Amino acid sequence: MRSQGDRSVLGSPAVAVAFPGAVCRGSGYRFACELLKHVLHQRNQLPLPYEQLAYFCRQAAQDGDGIGKPLSLGLASRKCQQLLMELEGLFQHLEVMFSLTLVPRVLFLLGGNVMNPKELYELNLEGFCEGTAEESLQTAPCVRQLFHRLFVADVFSELKALPVTGTLVLVQGHRDCGVEWFRPKLNYQVPTRGRKLTVKLSCDGDLHVSASPPQHTTPAWEDYVWFQAPVTLKGISE
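These lines cover the structure that appears in this document, whether it is placed above or below. These numbers come from a predicted model, not from an experiment.

This brings us to the overall build of the protein. Across its full length, the protein holds four helices and eleven strands. Accessible area for the protein stands at about 12,100 Å²; split by element, carbon and sulfur atoms hold 51% of it.

Spelled out as structure tokens, the structure:
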């Protein structure tokens, strides 16, 4: 798999990964969820990686209030339970969204507000395509390749610590996709202020005829609008 780092047109950091062929269906949704988990942990909105936090929270809930646990992070607290429930719900609705429409871009906005966030993370899927499971790359090794590239690019180490804040999620899709949970923002413009990181995924090499075309070739691009998740993910600290 070929990967490279570059800079966006505004000079903000960007990480690009090109997979050598189409990836199996459902991968775009997985990339979005895994990147959000990673960003939340790296930017101090989760005290542990998502899977570890969910595990210890479940264990603490089963054992009572969690007193005496090795990790006294308040893992059974109401805030932790609320955040995990909101994330799980968001992931379910993202899966529905990806099943209803092509999703060329996903935004994670940390701090500030939807028009002026402190930090903005974009997952760009315009050059990404999916194929059947038999003919396509499996999702798990592609996810590992993505995070290896993020590790090599070292995009988080020089950032100042971000205080606990709110995170907003926006997804670009067809205006008539029929999604109900996400709220359309028809005239939304991606903010140009604040720190921005773009993660761009694409597929090259020999694509099988059954693979979906790269999304940047889709016609009537003007029919795609932004949809905002109706929830603010409030970070938790140790």
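Unlike most non-glycine residues, Asn 44 shows phi in positive territory, near 65°. Looking at the element boundaries, Asn 44 is found in the loop between helix 1 (27–42) and helix 2 (50–62). A positive phi angle, close to 55°, is found at Asp 154, a residue other than glycine. By the element assignment, Asp 154 lies in the loop between helix 4 (139–153) and strand 7 (166–174). For Asp 154, a relative accessible area of 46% puts it in the partly exposed group.

Our next topic: the packing of aromatic side chains. In the structure shown here, the tally under the stated rule is seven aromatic pairs. Aromatic side chains Tyr 121 and Phe 156 sit 6.1 Å apart centroid to centroid with 25° between the ring planes, which places their arrangement in the stacked category. Within this pair, whereas Tyr 121 is found in strand 5 (residues 119–127), its partner Phe 156 is found in the loop between helix 4 and strand 7, the two being separated by 35 residues in sequence. For the pair shown, Tyr 121 and Phe 156 are each scored as buried. Arranged with centres 6.3 Å apart and planes meeting at 80°, the rings of Tyr 188 and Trp 226 form a pair that is edge-to-face. With Tyr 188 in the loop between strand 8 (183–185) and strand 9 (195–203) and Trp 226 in strand 10 (residues 224–228), this residue pair connects regions lying 38 residues apart in the sequence. By relative accessible area, which is 7% here, Tyr 188 ends up buried. Aromatic rings pair up to connect Phe 19, Phe 31 and Phe 128 into one cluster.

Now for the pairing of strand 9. Counting buried positions along strand 9 yields seven of nine residues, so the element is predominantly enclosed. Bridge count for strand 2 (residues 13–19) against strand 9 is six bridges, and the pairing is parallel. By the bridge assignment for strand 9, Phe 19 is matched with Cys 203. Where strand 5 meets strand 9, seven bridges bridge the pair, whose relative direction is parallel. Across the sheet, Gly 127 pairs through a bridge with Ser 202, a residue of strand 9.

On to the environment of Tyr 50. Mapping Tyr 50 onto the fold places it in helix 2. Look at Tyr 50 and you get buried, because its relative accessible area is 9%. Considering only alpha carbons, one finds Tyr 50 and Leu 36, 14 residues apart in sequence, at a separation of 9.7 Å. Once residues within four sequence positions are removed from consideration, Tyr 50 is found in contact with Lys 37, Leu 84, Leu 87, Glu 88 and Phe 91.

Reading the values: rules and limits
- Residues numbered from 1 in each chain as written.
- Predicted model: local features only at pLDDT ≥ 70, side-chain atom pairs only at ≥ 80, totals over all residues.
- Heavy atoms only, no water.
- Helix = DSSP H or I, 4+ residues; strand = E, 2+ residues; numbered from the N terminus.
- Areas by Shrake-Rupley, 256 points an atom, 1.4 Å probe, with all protein chains shown as cover.
- Buried < 20%, exposed > 50% of the residue type's maximum accessible area, 1.4 Å probe, protein only.
- Phe/Tyr/Trp six-rings, centres within 6.5 Å; stacked < 30°, edge-to-face > 60°.
- Pairing = 2+ DSSP bridges.
- Contact = heavy atoms within 4.5 Å.

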